[in-house]
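Descriptive analysis of the structure
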Amino acid sequence: MLISSSGLSKVKDSVKEKIFFGQQPSTELIAILTVYFVQGILGLARLAVSFFLKDELGLSPANVSALFGIVALPWIIKPLFGFLSDGLPIFGYRRRPYLVLSGIIGTVSWIALATVVHSPIAATCAIALGSLSVAISDVIVDSLVVERARVESQAEAGSLQALCWGTTAVGSLITAYFSGLLLEHFTTRTVFGITALFPLIVSAAAWFISEVPVQKVTESVNHNWLTVKDQIKQLRQAISQKSICLPTAFVFIWQATPTADAAFFFFTTNELGFPPEFLGRVRLVTSIASIVGIWIFQRFLKTVPFRVIFGWSTLLSAVLGMTMLLLVTHANRNLGIGDRWFSLGDSLVLTVMGQIAYMPVLVLAARLCPPGVEATLFALLMSVSNLASMVSYQLGAGLMHLLGIAQNNFDNLWILVIIANLSTLLPLPFLNWLPDKEASPALPSEAISTHQKGIIPEWMPEFVPKDLMKEPVNESID
C-alpha cells in the first residue's frame, strides 16, 4: 500500500519535531551533528587511556591529574582557533579546511598512541595532539551552530544547542559499554588503533558544510588584517561589559574548585577491583543519564532563572557528593548496598543533575556572541571555563600529593572527598553575578546558543568537565 503524501508529510514533521527538536534536517545540519557525534564516539578509548596511563606507564593519581592539566592547553587557547577561523581563511574558506585538518590531526594522535608511545612525555604529546584535534573541530562547529541559531525564535531558544549536545551524548552512549568490553578482549593499543578511524569522519563531513568563499586571494591579506583588527576591537568591547564578565567570572569560580577524579579511578580499579567491563556499564548509565538531563532541561527548565538552577544544583550536588564517604569507608556494605550498585545509582542521579546545571551555561554564553566574532568570543568565554577546570585538576593533584594518595594508598581519600565537595559551595555568594532571568534582557533572542562540552573531548577520562559531575567519583569511574 502506498503511503499518502499527507501521511509522509506527517512523518517528516514528526521526525523534525521529535528527533531534530524542530530543526530542519538539512545536509549541512547532518554534517554538523556528525562532528558532535564523533566527539561522543571517541569515548570508545576513554577507559583505554585511563588503564594505559595507570598500568602501562605506571603513573600515580597525582601524575595523571597533572598530565591532563598540561594536555588541556588546546582547550584553554580555543579563542586562537576561533580567531584563525573567523579571520584567516584557507583557500578562501573559513570552516571546511579547519575541519579537514582537525580530523587528520586526530587520526595521527591515535595512531601514535597505538604504536610509538612508550613514555609519559610521549603520551602527553600524543594526547595533547588529540586534544588539539577536537578543540579545533569544536570551535568550528560551535561557530556554525551559532550562525544557524541566530534565526531561532524565542520559543525555539536552546533547541539547537540541546540537539547538538544530545547528539554527542548519543555517540557516547553507543560506545559507552564497548569502551570497557573491548578491554576485556583487546589491548589498549588495539583500542587506540580502532579509535584512529573516527576523526577521519570529521574530515569527510567537512565537505558537506555549505560555505561561500570569502574574497579573492589577491585581497585576502589586507582584508584579513582588517578583519583581525575589527575582531580585537569587538572583543574588547564585549568583555568590558558586566553582563559578560561577571557571569564568566562566576563560571570560573564554579569550576575552579579541587577535584579528586583521578584518585577515584585508581580507587575503584585498584581498591574495589572494578573490571573494565563494569566500568563500561557505568559509562553507559551516565550516558543515558546525560540524555535524560538534556530532555528534562529542554522540556521543563528552559525558562527557569539561571540563579535558581545554579543555586539548587550546587547545594544538592555538594550534599549528594558526600555520599561518596560511604563508598570510601566501605560503610555502604554495612548498609547492604554493594559497591557496584552504589556506584551505578550515584552516577545516574548526579549526571542528570550536572547536565541540567550546565545547560544554562551554554545558553548564556552563546547569547553573548555578537555577529562577526561568533567563534572567537564563544571560544573565549568557554576557555575561561576550561582554564578553571585545569586549575581544578591541578589543585586536586596537589591535594593528592599532600595527602599521600597513591596507586594503593587511599587512607586519606575521605579527607579529599570532604574538601572537594565543600569547596563546590564557594560560588554561592556570587550568584547575583548571574542574570536574574533565563536570558539577558539586553541581548537579542536570536543570539542563542551552541553546544559546548566544557573542557575536554569524551576520550580524556580523568580530565572531565566538573560541571557535568560536581562530585568526584562518577566521572572517574566511568
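Residues numbered from 1 in each chain as written. Predicted model: local features only at pLDDT ≥ 70, side-chain atom pairs only at ≥ 80, totals over all residues. Heavy atoms only, no water.

A look at the side chain of Thr175
Here is the rule we go by: Every helix listed is a DSSP run of H or I at least four residues long, and every strand listed is a run of E at least two residues long, numbered separately from the N terminus. Any residue under 20% of the maximum accessible area for its type is buried, any over 50% is exposed, and the rest in between are partly exposed; the area is computed with a 1.4 Å probe on protein chains only. For this analysis, residues touch if any pair of their heavy atoms sits within 4.5 Å.
The residue Thr175 is located in helix H9 (residues 159-185) in this model. Thr175 gets classed as buried once you look at its relative accessible area, which sits at 6%. Residue contacts for Thr175: discarding those within four places in its chain leaves Gly40, Ile41, Gly43, Leu44 and Arg283.

Considering unusual backbone geometry
With the exception of glycine, the majority of residues adopt a negative phi angle, and the majority of peptide bonds are in the trans configuration. Of note in this structure, His330 is not a glycine but carries a positive phi near 65 degrees. By the element assignment, His330 lies in the loop between helix H17 (324-328) and helix H18 (331-334).

Quick look at the packing of helix H3 (residues 46-56) against helix H14 (residues 261-271)
For clarity, the threshold we go by: Helix axes are fitted only over the stretch in contact, all axes being lines through C-alpha atoms; the angle between N-to-C directions runs from 0 to 180 degrees. If an angle is under 35 degrees, it is roughly parallel; if it is over 145, roughly antiparallel; if it lies from 65 to 115, roughly perpendicular; otherwise it is oblique. Residue polarity is assigned by list, with Asp, Glu, Lys and Arg as charged and Ala, Val, Leu, Ile, Met, Phe, Trp, Tyr, Cys and Pro as nonpolar; anything else, Gly included, falls into the polar class.
Taken N-terminus to C-terminus, the directions of H3 and H14 make an angle of 80 degrees; their axes are 12 Å apart at the nearest point. When the axes of H3 and H14 are compared, the pair comes out roughly perpendicular. Along the contact surface, H3 presents Leu47, Ser50, Phe51 and Lys54, while H14 presents Phe265, Phe266, Thr269 and Asn270. Across the contact of H3 with H14, the residue classes tally to 4 nonpolar, 3 polar and 1 charged.

Structural notes on the packing of aromatic side chains
Selection criterion: Two aromatic rings from Phe, Tyr or Trp, using only the six-membered ring of Trp, form a pair when their centres are within 6.5 Å; if the ring planes differ by under 30 degrees the pair is stacked, by over 60 it is edge-to-face, and anything between is tilted.
For the structure on display, the rule yields 11 aromatic pairs. Ring geometry for Phe264 versus Phe267: centroids 6.0 Å apart, planes at 75 degrees, classification edge-to-face. Note that Phe264 and Phe267 are positioned in helix H14 at a spacing of 3 residues, about one turn of the helix. For the pair formed by Phe264 and Phe267, the shared burial category is buried.

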